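Read off the chains here:
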Amino acid sequence: QVTLRESGGGSVAPGGSLRLSCAVSGDDSGVYVIRWHRQAPRKERDFVAFIGTGGTTEYADSVKGRFTASRASRNLWNLQMNDLKYEDTAVYYCEFESRTVPTYGKSIWGLGTQVTVSS
């Protein structure tokens, strides 16, 4: 059974940086994509970034040029966040989506990690 664990959240001043990690366990295929999402207080969960197995990335307009999604190792994924702004404060989640049969399209979510941007 696939499980995800996010880490790296914390508090940072505006303009600072954090690196989030998403550790995937229980997957033997290595064929999946990762999305990052976030949910700010009293708001809906929003898409942040996508990274495919081939390294293709996509970003929400609000984070383009500041956030970078990458694969650190077979089952470890990072989200480097630079020039953080107050509006980046949220719980950040990673999402695993299988790209191999028989589980193609199956989605698994982590429990999230809090990022707070505050002076």
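Residues numbered from 1 in each chain as written. Predicted model: local features only at pLDDT ≥ 70, side-chain atom pairs only at ≥ 80, totals over all residues. Heavy atoms only, no water.

**Student:** Help me out: how do you make sense of the overall build of the chain in this one?
**Tutor:** Each helix and strand counted, the chain has zero helices and 11 strands in total. Along the chain, helices (α) and strands (β) appear in the sequence β-β-β-β-β-β-β-β-β-β-β when read from the amino end. Rg of the C-alpha trace for the chain: 14 Å, near the compact-globule value of 14 Å for 119 residues, within the 12% margin. Reported as C-alpha extents along the three principal axes, the dimensions of the chain are approximately 45 × 25 × 20 Å. For the chain, the residues scored as buried account for 44% of the 119 residues in total. In the chain, the share of contacts with a sequence separation of at least 24, taken over all contacts with a separation of at least 6, comes to 55%. (Helix = DSSP H or I, 4+ residues; strand = E, 2+ residues; numbered from the N terminus. Rg over C-alpha atoms; globule rule 2.2 N^0.38 Å. Buried < 20%, exposed > 50% of the residue type's maximum accessible area, 1.4 Å probe, protein only. Contact = heavy atoms within 4.5 Å.)

**Student:** What should I look at first to understand the side chain of Arg 38 in this one?
**Tutor:** Mapping Arg 38 onto the fold places it in strand S4 (residues 32-39). A distance of 3.4 Å separates a polar atom in the side chain of Arg 38 from a polar atom in the side chain of Ser 62. At 2.9 Å, the side chain of Arg 38 forms a polar contact with the side chain of Asp 88. (Polar contact = N/O pair within 3.5 Å; in protein donor to acceptor, adjacent residues only side chain to side chain.)

**Student:** For this particular structure, what's the right way to read the state of the cysteines?
**Tutor:** Here, the word disulfide means a covalent bond between the sulfur atoms of two cysteines. Evaluated as defined, the whole model comprises one disulfide. The disulfide partner of Cys 22 is Cys 94, and the S-S distance across this bridge is 2.0 Å. Handedness of the Cys 22-Cys 94 disulfide follows from its S-S torsion of about 65°: it is right-handed. With a gap of 72 residues between them, Cys 22 in strand S3 (residues 18-25) and Cys 94 in strand S9 (residues 90-98) connect regions that are remote in the sequence. With a relative accessible area of 0%, Cys 22 lands in the buried category. (Disulfide = S-S within 2.5 Å.)

**Student:** Would you mind going over the environment of Arg 42 with me for this structure?
**Tutor:** Within the secondary structure layout, Arg 42 lies in the loop between S4 and strand S5 (45-51). Separated by 54 residues in sequence, Arg 42 and Phe 96 have C-alpha atoms that sit 25 Å apart.

**Student:** It is not clear to me how the sheet that holds strand S8 (residues 76-81) should be interpreted in this structure. Could you clarify?
**Tutor:** Pairing between the strands of a sheet is mediated by backbone hydrogen bonds and can be parallel or antiparallel. Across the sheet, four strands lie side by side as S1-S3-S8-S7; this open sheet has antiparallel pairing. Among the strands making up the open sheet, the edge pair consists of strand S1 (3-7) and strand S7 (67-73). Neighbouring strand axes in the sheet, compared pairwise and without regard to direction, differ in orientation by 20° on average. (Pairing = 2+ DSSP bridges. Axes fitted to C-alpha atoms, helices over the stretch in contact; angles between N-to-C directions.)

**Student:** What is the right way to look at the environment of Ser 25 in this model?
**Tutor:** Along the polypeptide, Ser 25 turns up in strand S3. As a C-alpha pair, Ser 25 and Arg 5 span 20 residues in sequence and 8.4 Å in three-dimensional space. Other than its neighbours up to four places away in sequence, Ser 25 contacts Gln 1, Val 2 and Thr 3. A distance of 2.6 Å separates a polar atom in the side chain of Ser 25 from a polar atom in the side chain of Thr 3.

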